Amino acid sequence: MLRIRNAKKSFGDQVVLDGIDLDVAAGEVVCLIGASGSGKSTLLKCIDLLESTDDGDMWLGDTELTDPALNPDTARARIGMVFQSYNLFPHMSVLRNLMVAQRCVHGVKKADARARALTLLERVNLVEKAHSYPDSLSGGQQQRVALARAVATDPELLLLDEVTSALDPLLVGEVLDFVAELKAEGRTIIMATHEMDFARASADRIVFLADGQIVESGTPEQIFTAPRQQRTAEFLARHR
Amino acid sequence: MINEQPTVSARQLERLAFRRKRTLRRAAVGALSTLLVFGVLGWLVTSAPGWPRVQATFFSASHAKDSLPFIWDAFWLNIRLFTVTELFVLPLALLIAVVRVVPSPSMLPFKILAAAYTDIFRGTPTLLVVLLVGFGLPALRLAGIPTNLFWLGVIALTLSYSAYVAEVLRAGILSVHPTQWASGRALGMSYGQTLRKVILPQAVRRVLPPLINDFVSLQKDTALVSTIGLVEALRAASVYQAESFNFTSLAVAAVLFIVITVPIARVTDWLSLRAMRRQVGG
């Protein structure tokens, strides 16, 4: 479903992605772990074409994402992305936040968009907030709305960029519960995270990044119990 | 029967009593100092040796009553001028602001034009623009250019004010955090859709106070068209003053200008407050 070969990205002389190779199969949940600055967020932004890569190829299904002639909007419409800082639209009600992309990107009829938005809000237990504005919601509630907004357009691939990093520890659970539900319904997810317990329990595969390179990748069981690389072991030791 | 339990502690009752007393004391101080300041100001003005003379020449009740209908008729022109100009300024300024922020390379010539336009018309005194348009444009004798003074006034004020308003709107657009762009684009919305649905509504809300400031300023600057021969409120007041040798008509015109700007200011305050409450309070 997603194929990345030798992806490279630098900001000035700082190399952020140094030849990333990654394959993600449909329905797979991949957790990217690694220290801040290891390139996790940049990789996700490059996949969503919010940043351009300097070299390498990226394919989403049969579409070459790195094709310069590709209209990035059509690619992004197939990918959902959720950010660390929620980034809901503060001037729109929760309901409209969930409807806007359905309406103007995918041409969904108003009644259908509304029905889908309400169904999703019910799933994240926020129906009663449908007509509230984002700033009146708690961080956990906002992030659940952001997740619901990202899946409202039914994307093929979901990119989650440290979606719990800005949250109070008590609110992390409610967000991760919904991510687990999305996995259960068979969504393909790439998730940058510092939540090791969640990664261990829910990921199909863990990818450990350091200095813009994939140091090691494997099943949670293998990575957490028997890391092959010294750096992985050191990183994990610091994160328990 | 159970004794009614006090819902707050005795110490809290003391605190409440103290706060009540303090609120009363503060209100009393406020009222007293207001009275004092205005009293002194009033006394200073009215005790000036020339006050009776000023009162008779600037604030005469009979002249005010006499001149009001005449000035009001002329003031109607200011209102029309202001309303029509504003209808042109808003879309033109929005267009200029958007052209200046859009990164598309095909827009480059328009971006240069828009930048030059704002530089020139923001830098030129509005009075000069009014004179140039009012006397210069008709002199060109081009087909299609209005010779009607009202429309020449509208053109001049639109040219001048669109430059200001465009800069206010552009500042608003640039003040919206880049993550809002990112999340709009991440949802698959195009640049234009993100601008229209996500960025502009937030930008306009943020710059509402300076925007209203410019419109109040525009209301007053409608008086400048008197220089090209339109009889608006200020000109009408001067005509009355020249005939009656009394300045009260000018004060009447001033009051009319104030009267229309105050409600606009209050309505905007109310609008921004409501938008803020709705976003934050839920």
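Keep in mind that this is a model prediction, so the values were computed, not measured.

### Comments concerning the overall build of chain A
Check the secondary structure of chain A and you find nine helices and ten strands. Here the C-alpha atoms of chain A give a radius of gyration of 18 Å, agreeing with the 18 Å that 2.2 N^0.38 yields for 240 residues. Along the longest, intermediate and shortest principal axes, the C-alpha atoms of chain A span 50 × 45 × 30 Å. The 240 residues of chain A split such that 54% are buried. Partitioning the contacts of chain A with sequence separation of at least 6, the portion at a separation of at least 24 is 63%. Split by element, the accessible area of chain A, about 10000 Å² in all, is 45% carbon and sulfur.

### Quick look at the sheet that holds strand β9 (residues 205-210) of chain A
Residue and element names in this part refer to chain A. As summarised here, the arrangement of the six strands in space is β6-β7-β8-β3-β9-β10, forming an open sheet in which the pairing is mixed. Every other strand in the sheet has two partners, leaving β6 (79-82) and β10 (213-218) as the edge strands with one partner each. Neighbour-to-neighbour, the strand axes of the sheet open up by a mean angle of 15°, direction not taken into account. Direction of pairing for strand β7 (residues 157-161) relative to strand β8 (residues 188-192): parallel, over a ladder of five bridges. Bridging across to β8, L159 finds its partner in I190. Set on the sheet, helix α1 (residues 40-47) makes contact with β3 (29-33), β6, β7, β8 and β9; between it and β7 the angle comes to about 150°. Contacting β3, β7 and β8, helix α6 (residues 169-184) crosses the sheet at an angle of about 150° to β8.

### Re the UniProt feature "domain: ABC transporter" (unreviewed entry) in chain A
UniProt annotation of "domain: ABC transporter" (unreviewed entry) refers to residues 2-236 of chain A when read in the numbering used here. In residues 2-236 of chain A, the share of helix is 37% and the share of strand is 26%. The end C-alpha atoms are 27 Å apart.

### Notes on a positive patch on the surface
A contiguous patch of positive charge, built from R96, R103, K110 and R114 of chain A together with R196 and K197 of chain B, is present on the exposed surface. In this structure K110 of chain A comes out as exposed when scored by relative accessible area, which is 55%.

### Things to note about the interface of chain B and chain A
One frequent convention defines the size of an interface as the accessible area lost when the parts assemble. Listed by partner, the interface residues are 23 residues for chain B and 22 residues for chain A. For the pair chain B and chain A, the summed buried surface comes to about 2000 Å²; carbon and sulfur atoms form 61% of the total. For chain B, the biggest contributors to the area lost against chain A are A186, L187 and Q279 of chain B; these three give 31% of the whole. Our count for the contact surface shared by chain B and chain A stands at one salt bridge. Note that D73 of chain A is salt-bridged to R185 of chain B, the shortest N-O span being 2.9 Å. At the junction of chain B with chain A, the criterion picks out seven residue pairs in polar contact (both at pLDDT 80 or more). Of the residues contributing to the side of chain B that touches chain A, the split by class is eight nonpolar, eleven polar and four charged.

### Description of the pairing of strand β1 (residues 2-11) of chain A
The side chains of a regular strand alternate, residue by residue, between the two faces of the sheet. All names here are of chain A. Strand direction decides the pairing type here: β1 and strand β2 (residues 14-24), joined by eight bridges, are antiparallel. Counted as the bridge partner of K9 is L17 from β2. The hairpin formed by β1 and β2 contains two residues between the paired strands, and G12 there has a positive phi angle of roughly 65°. As judged from the five bridges shared by β1 and strand β4 (residues 55-60), these two strands associate in the antiparallel manner. Directly across from K8, in β4, lies its bridge partner D55.

### Focus on the nonpolar core
Among the nonpolar cores identified, the biggest contains 52 residues, and L169, I173, L195, I199 and L211 of chain B are the most heavily contacted of them. If you list the elements that add at least two residues to this core, you get α3 (94-104) of chain A together with α3 (61-101), α4 (108-123), α5 (126-139), α6 (149-175), α8 (191-206) and α9 (208-221) of chain B. The greatest single-element share of this core, amounting to twelve residues, is contributed by α6 of chain B. Those residues within four positions of I199 of chain B in sequence are excluded, and the remaining contacts are I173, V176, Q180, W181 and T194 of chain B. Judged by nonpolar contacts, the second largest core, of 48 residues, contains Y86, V94, A113 and I223 of chain A.

### Observations concerning the packing of α3 of chain B against α6 of chain B
Residues and elements named next belong to chain B. It is at 6 Å that the axes of α3 and α6 come closest, and there the two elements cross at 40°. Taken together, the axis directions place α3 and α6 in an arrangement best described as oblique. When the axes of α3 and α6 are compared, the crossing they make is right-handed. Across the contact of α3 with α6, the residue classes break down as 22 nonpolar, four polar and four charged.

### Overview of the sheet that holds β4 of chain A
Strand order across the open sheet formed by four strands is β2-β1-β4-β5 (chain A), with antiparallel pairing between neighbours. Both edges of this open sheet fall to β2 and β5 (63-64) of chain A, since each of them pairs with a single strand only.

### Focus on the confidence of the model for chain A
Mean pLDDT for chain A: 92, with 100% of residues reaching 70 or above. At the low end of the mean pLDDT range in chain A sits helix α7 (residues 196-202) of chain A, at 88; at the high end sits β8 of chain A, at 95.

### Points about the state of the cysteines
Applying the stated criterion across every chain yields a total of zero disulfides over all chains. C31 of chain A carries a free sulfur, and the closest cysteine sulfur to it, the one in C46 of chain A, is 19 Å from it.

### Description of the side chain of T232 of chain A
Following the sequence through the fold, T232 of chain A ends up in helix α9 (residues 230-238). T232 of chain A has contacts with F208, V215, E216, I223 and P227 of chain A, leaving out every residue within four places of it along the chain.

Conventions adopted
- Within every chain, residues take consecutive numbers counted from 1 along the sequence as written.
- As a convention, the first chain written is A and the first ligand written is 1, with the rest following in written order.
- With the structure being a predicted model, the display of local features is reserved for residues of pLDDT at least 70 and the display and counting of side-chain atom pairs for 80 or more, all residues being used for whole-chain, interface and lining totals.
- Values shown for side chains rest on all heavy atoms present in the structure; no hydrogens or waters enter the calculation.
- Note on conventions: DSSP H or I runs of at least 4 residues are helices, E runs of at least 2 residues are strands, and numbering of each starts at the N terminus.
- Here the globule rule is a power law, 2.2 Å times the number of residues to the power 0.38, and the radius of gyration is based on C-alpha atoms.
- Buried residues are those whose accessible area, probed at 1.4 Å on protein chains only, stays under 20% of the maximum for their type, while exposed residues exceed 50% and partly exposed ones sit between those limits.
- Two residues form a contact once any of their heavy atoms are found within 4.5 Å.
- Computed with the Shrake-Rupley method and a 1.4 Å probe, the accessible areas treat only the protein chains shown as cover for residues.
- Two strands qualify as a pair provided that DSSP identifies no fewer than 2 bridges between them.
- Structural elements are reduced to axes, namely lines fitted to C-alpha atoms, with helices fitted over the stretch in contact, and the angle between N-to-C directions of any two is expressed from 0 to 180 degrees.
- UniProt positions are given in the numbering used here, feature names are shortened, and annotations may be inferred rather than shown by experiment.
- Here, patches come from residues exposed beyond 30% relative accessible area and free of salt bridges, joined within 9 Å for like charges and within 5 Å for nonpolar side chains (Val, Leu, Ile, Met, Phe, Trp, Tyr).
- Any carboxyl oxygen of Asp or Glu within 4 Å of a side-chain nitrogen of Lys or Arg constitutes a salt bridge here.
- Charge counting follows a simple rule: Lys and Arg are positive, Asp and Glu are negative, and His as well as the terminal groups are ignored.
- Charge positions are represented by NZ for Lys, CZ for Arg, CG for Asp and CD for Glu.
- Buried area, as used here, totals the accessible surface that two parts lose on assembly, with accessibility defined by a 1.4 Å probe and the loss added over both.
- Each polar contact in these results corresponds to two N or O atoms within 3.5 Å; when the atoms are within protein, one needs to be able to donate a hydrogen and the other to accept it, and residues that are neighboring in sequence are counted only if both atoms are side-chain atoms.
- The residue classification treats Ala, Val, Leu, Ile, Met, Phe, Trp, Tyr, Cys and Pro as nonpolar and Asp, Glu, Lys and Arg as charged. All others, Gly included, are polar.
- In these notes, a set of buried Ala, Val, Leu, Ile, Met, Phe, Trp, Tyr and Cys residues joined through side-chain atoms within 4.5 Å is what counts as a nonpolar core.
- Should an angle fall under 35 degrees it is called roughly parallel, over 145 degrees roughly antiparallel, and 65 to 115 degrees roughly perpendicular, with every other angle called oblique.
- Each crossing is labelled by how the near helix is turned from the far one, with a counterclockwise turn of less than a right angle marking it left-handed and a clockwise turn marking it right-handed.
- Along the chain, pLDDT gives the predictor's confidence residue by residue, from 0 to 100.
- The disulfide definition used here is simple: a pair of cysteine sulfur atoms within 2.5 Å.

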